[in-house]
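Structural features, examined
As a plain string of letters, each chain reads:
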Amino acid sequence: MDLPFALPTAVAGIALTSLYAPSGWIGRLLERFGIHVAFTWLGIVVALTFIGLPFVVRTVQPVIEDLDAQVEQAAASLGAGRRQTLWRVILPELWPALATGFALAFARALGEYGSVVFIAGNMPMKTEIVPLLMIIKLEQYDFAGAAALALVMLVASFVLLLLINLLQRWAARRTSMPGD
């Protein structure tokens with residue numbers, strides 16, 4: 001689970017492209033079903049999932065470890081089935097951590113360049129990514145265009161940071177409520 005943290009993003013992008021290209025190990029298998037990953041939006045999703053999943057796991061794992069098994073047993077003794085226990089006992093405890101993890105993963109994905117640029121294919125209006133568009137704008141000496149894209153990304157990042165802090169504050173308040 002820590003591999004995406006330790007692996008340089010460009011190496012991850014090249015490895016994912018090699019695996020999911022039509023001639024790659026996984027891409028060859030998916031081609032049989034007509035599924036194309038490399039150089040499509042699906043490739044972008046795969047790359048962003050690869051780099052974002054550790055954030056979700058790292059925020060959810062401690063909550064799962066702290067769940068009291070006796071609460072699940074109490075739900076079962078009161079007649080709750082597995083599905084009902086999941087929806088009414090386990091998931092309410094996990095929602096704050098899940099929301100925080102996905103917000104962190106999304107914030108990380110917003111500015112991701114290395115792992116996505118290779119697998120995306122940079123097809124105009126289909127698989128372009130904002131960081132690459134910024135570089136293209138800079139290479140064309142369109143500093144105003146690059147600055148505008150950077151400003152949008154900066155605002156989105158601040159909004160996500162605010163959301164993450166609010167989620168963490170909500171989760172902390174929820175776990176410290178008396179009577180839980």
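In short, a report on the structure. (Residues numbered from 1 in each chain as written. Predicted model: local features only at pLDDT ≥ 70, side-chain atom pairs only at ≥ 80, totals over all residues. Heavy atoms only, no water.)

Inspection of the entire model under this criterion finds three salt bridges. Here Glu112 and Arg108 are joined by a salt bridge, their closest N and O atoms 2.2 Å apart. Overall, the relative accessible area of 3% leaves Glu112 in the buried class. Judged by relative accessible area, Arg108 falls into the partly exposed class, the value being 28%. Across the pair Asp142 and Lys137 runs a salt bridge whose closest N-O atoms are separated by 3.6 Å. Lys137 sits in the partly exposed class, given a relative accessible area of 28%. (Salt bridge = Lys/Arg side-chain N within 4 Å of Asp/Glu carboxyl O. Buried < 20%, exposed > 50% of the residue type's maximum accessible area, 1.4 Å probe, protein only.)

Turning to the packing of helix α4 (residues 41–66) against helix α6 (residues 82–110), a few remarks are in order. Each pair of packed helices can be described by the angle between their axes along with the distance between the axes. Running from amino to carboxyl end, α4 crosses α6 at an angle of 155°, the nearest separation of the two axes being 8 Å. With respect to α6, the element α4 is oriented roughly antiparallel. Crossing angle aside, the handedness with which α4 passes α6 is right-handed. On α6, the residues that touch Leu48, Ile51, Gly52, Phe55, Val56, Thr59, Val60, Val63 and Ile64 of α4 are Glu93, Leu94, Ala97, Leu98, Thr100, Gly101, Phe102, Leu104, Ala105, Arg108 and Ala109. Residues that form the contact of α4 with α6 fall into these classes: 14 nonpolar, four polar and two charged. (Axes fitted to C-alpha atoms, helices over the stretch in contact; angles between N-to-C directions. Helix = DSSP H or I, 4+ residues; strand = E, 2+ residues; numbered from the N terminus. Parallel < 35°, antiparallel > 145°, perpendicular 65-115°, else oblique. Left-handed = near helix turned anticlockwise from the far one by under 90°. Contact = heavy atoms within 4.5 Å. Nonpolar A, V, L, I, M, F, W, Y, C, P; charged D, E, K, R; others polar.)

Turning to α6, a few remarks are in order. In this model, α6 (29 residues) spans only 37 Å end to end at C-alpha, well below the 42 Å of a helix rising 1.5 Å per residue. Residue Leu91 marks the point of greatest curvature in α6, where the axis turns by about 55°; the proline Pro92 follows within four residues. Along α6, the residues classified as buried are Thr85, Ile90, Leu91, Leu94, Pro96, Ala97, Leu98, Thr100, Gly101, Ala103, Ala105 and Ala109. (Expected span 1.5 Å × (residues − 1). Bend = angle between axes of the 7 residues up to and from the residue.)

Turning to a nonpolar patch on the surface, a few remarks are in order. Together, Leu151, Leu154, Val155, Phe158, Val159 and Leu161 line one region of the surface with nonpolar side chains, adding up to about 580 Å² of accessible area. Inspection of the secondary structure puts Val159 in helix α9 (residues 143–175). (Patch = residues over 30% accessible without salt bridge, like charges linked within 9 Å, V, L, I, M, F, W, Y side chains within 5 Å. Areas by Shrake-Rupley, 256 points an atom, 1.4 Å probe, with all protein chains shown as cover.)

The next thing to look at is the packing of aromatic side chains. On inspection of all chains with the given rule, the structure shows two aromatic pairs. On the basis of an interplanar angle of 85° and a centroid distance of 5.1 Å, the ring pair of Phe5 and Phe55 is categorised as edge-to-face. One end of the pair, Phe5, is in helix α1 (residues 3–6); the other, Phe55, is in helix α4, and 50 residues separate them in sequence. Both rings, one in Tyr141 and one in Phe143, keep their centres 6.1 Å apart while their planes meet at 75°; by these two values the pair is edge-to-face. Across the pair, exposure class does not vary: Tyr141 and Phe143 are exposed alike. (Phe/Tyr/Trp six-rings, centres within 6.5 Å; stacked < 30°, edge-to-face > 60°.)

Bear in mind that shape data such as this cannot, by itself, settle questions of function.
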